[in-house]
Amino acid sequence: MLFSIEKKEEDDAMSYVDEVYELVVAKNPAQPEFHQAVKEVLESLRVVIEANEEKYRRDALLERIVTPERQLLFRVPWVDDKGQVQVNNGFRVQFNSAIGPYKGGLRLHPSVNLGIIKFLGFEQIFKNSLTGLPIGGGKGGCDFDPKGKSDREVMAFCQSFMTELHKYIGADTDVPAGDIGTGAREIGFMYGQYKRLTGLYEGVLTGKGLSYGGSLARTEATGYGLLYLTEEMLKCNGKEIAGKTVAVSGAGNVAIYAIQKAQQLGAKPVTCSDSTGWIYDSEGIDVALLKEVKEVKRARLTEYAAARPSAQYHECAPGSNVWTVKCDIALPCATQNELDLEDAKTLVANGCFAVAEGANMPTTLEATEYLQKNGVLFCPGKAANAGGVATSALEMSQNSERLSWTFEEVDSKLQGIMVNIFHNLDDAAKKYGMEGNYVAGANIAGFLKVAEAMTAQGVV
Ligand code: NDP
Ligand code: 2IT
């Protein structure tokens, strides 16, 4: 009798992976993006965990890896140009420091909430591990919208944000950087305030200006890195990038330099987008014009269309986006969940054979599965966009040795890192019997290093 009860319990027992996923959903209600990121990683790790389930379970390794080491939530009050006090919600999630100081960007966007910062911080753990450099995972941000604000308002916000954040960061503890809405201007204001409050001239932020400790090629790094990895992925699958038509979404830091490098490699990027509209340019995107509109004027893409006869402008609407354009390669470079199942079907029907994520988690789980099932080469963001944070780590190295490397030096290290990342995930996918599944490969390769470090460091 006893035996049969035990046997039944055994049959009913959920696998450790499923148990931890249910725990995450129960303990973190109303955080769908965080659940989505955890689900994708845990599904990929199933084969690794199940081979060693007893040990991982006893060590509560998965419970620990899905729980941030520390979560900071703080008030950010500032005064606008009319003299009105504004209040925003600031966040910094210090997720995992097993392999290095927390490292990850700061997102400034009205949609920011704890669940979004946690999804980004969780992704960052594995991404940073894949770079091969000693950086742990973290992310932060605020529901502040820099759009439409004066420079003085942006400075007032950044100073207030850093007045609280500076207590928790440092060159050897936690090193933030840019992300959506946080570019060179915001990093400059934050760095100035950190220095004023602490008296320290140290590499506490990356993406700094070149005159005060920034690295050459950091601005270009995420977009360039995305193309270096895509090129290697195509090469290893008997294809080449030259001559191919590319659909890019976004018109920010990642998208602009992805478009630029795609052109340098002989491809033809024909689209870009922002939150209100998108461009199809039959002659290929004019990068100089796009930079002028977005980096200098901070204007809408209607200005691009107005200045370029070959460009068509479309409002963003359901069913109207860059993925409707016929392309060989798709590079989503705007934001999470911007490429859904319908978009994936359209891409496949139009003959697209490769998708590499410049943004973090831009493809929904259903879309990813559809693309993979239909033979599309698919590289997830935690590998494909790791060039940005990798170059941030190179900026940290330069700050530590108080030297600056040349553009060529940084760019060639970036290329080496991206090629290496691709081979690591390709090898991991093959080793675990999932050849060509780069999502699984990236999650497994990223996880194994962090898991080993966590195990070696004991229960902390
Ligand atoms: P930017 O702020 O420079 O640009 C973001 C672009 O995406 C803008 O064109 C913006 O349009 C568009 N966008 C942002 N949010 C939305 C939204 N909710 N709906 C539609 N469009 C949107 O950010 P980055 O280029 O730096 O970041 C883009 C993506 O890449 C993000 O997912 C980020 O996390 C990721 N990433 C960035 C790295 C970096 O080094 N910067 C490194 C690795 C990943 P609009 O201007 O109208 O808002
Ligand atoms: O998502 C990312 O990897 C970034 N926004 C860059 C982080 C960094 O620390 O450079």
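Structure's up top.
All figures in this text were calculated on a predicted structure; none of them were measured in a lab.

A. Quick look at the pattern of salt bridges. Counted under the stated rule, the structure contains 26 salt bridges. In this structure, glutamate 40 engages lysine 382 in a salt bridge whose closest nitrogen and oxygen atoms are separated by 3.0 Å. You can see glutamate 40 sitting in helix α3 (residues 32-50) and its partner lysine 382 sitting in helix α15 (residues 381-384), a full 342 residues away along the chain. Residue classification places lysine 382 among the buried positions, given a relative accessible area of 1%. The partner of lysine 382 in a salt bridge is glutamate 123, and the shortest N-O contact between them spans 3.2 Å. Of this pair, lysine 382 sits in helix α15 while glutamate 123 sits in helix α6 (residues 114-130), and the two are 259 residues apart along the sequence.

B. Fine view of the site of ligand 1. Lys147, Asp179, Thr222, Ser275 and Arg300 are the nearest of the 25 residues found near ligand 1. Separating an oxygen atom of ligand 1 from a backbone N or O atom of glycine 181 is a distance of 2.9 Å. Here an oxygen atom of ligand 1 sits 2.8 Å away from a polar atom, N or O, in the side chain of asparagine 360. For ligand 1, whose accessible area on its own is 890 Å², the fraction buried by protein is 83%. Elements with a minimum of two residues in the shell around ligand 1: α9 (218-236) and α10 (253-264).

C. Main features of the pairing of strand β4 (residues 136-142). Where burial is concerned, most of β4 is hidden: seven out of the seven residues are buried. By the alternation rule, side chains of β4 split into Gly136, Gly138, Gly140 and Cys142 and Gly137, Lys139 and Gly141, which are all buried. When strand β3 (residues 102-108) meets β4, the two strands line up parallel, connected through five bridges. Note that in β4 the partner of lysine 103 across the bridge is glycine 137. Running through α6, the crossover from β3 to the neighbouring parallel element β4 is right-handed.

Criteria and cut-off values
Residues numbered from 1 in each chain as written. Chains lettered and ligands numbered in written order. Predicted model: local features only at pLDDT ≥ 70, side-chain atom pairs only at ≥ 80, totals over all residues. Heavy atoms only, no water. Salt bridge = Lys/Arg side-chain N within 4 Å of Asp/Glu carboxyl O. Helix = DSSP H or I, 4+ residues; strand = E, 2+ residues; numbered from the N terminus. Buried < 20%, exposed > 50% of the residue type's maximum accessible area, 1.4 Å probe, protein only. Near = heavy atom within 4 Å. Polar contact = N/O pair within 3.5 Å; in protein donor to acceptor, adjacent residues only side chain to side chain. Areas by Shrake-Rupley, 256 points an atom, 1.4 Å probe, with all protein chains shown as cover. Pairing = 2+ DSSP bridges. Right-handed = clockwise from strand over helix to strand, strands pointing away.

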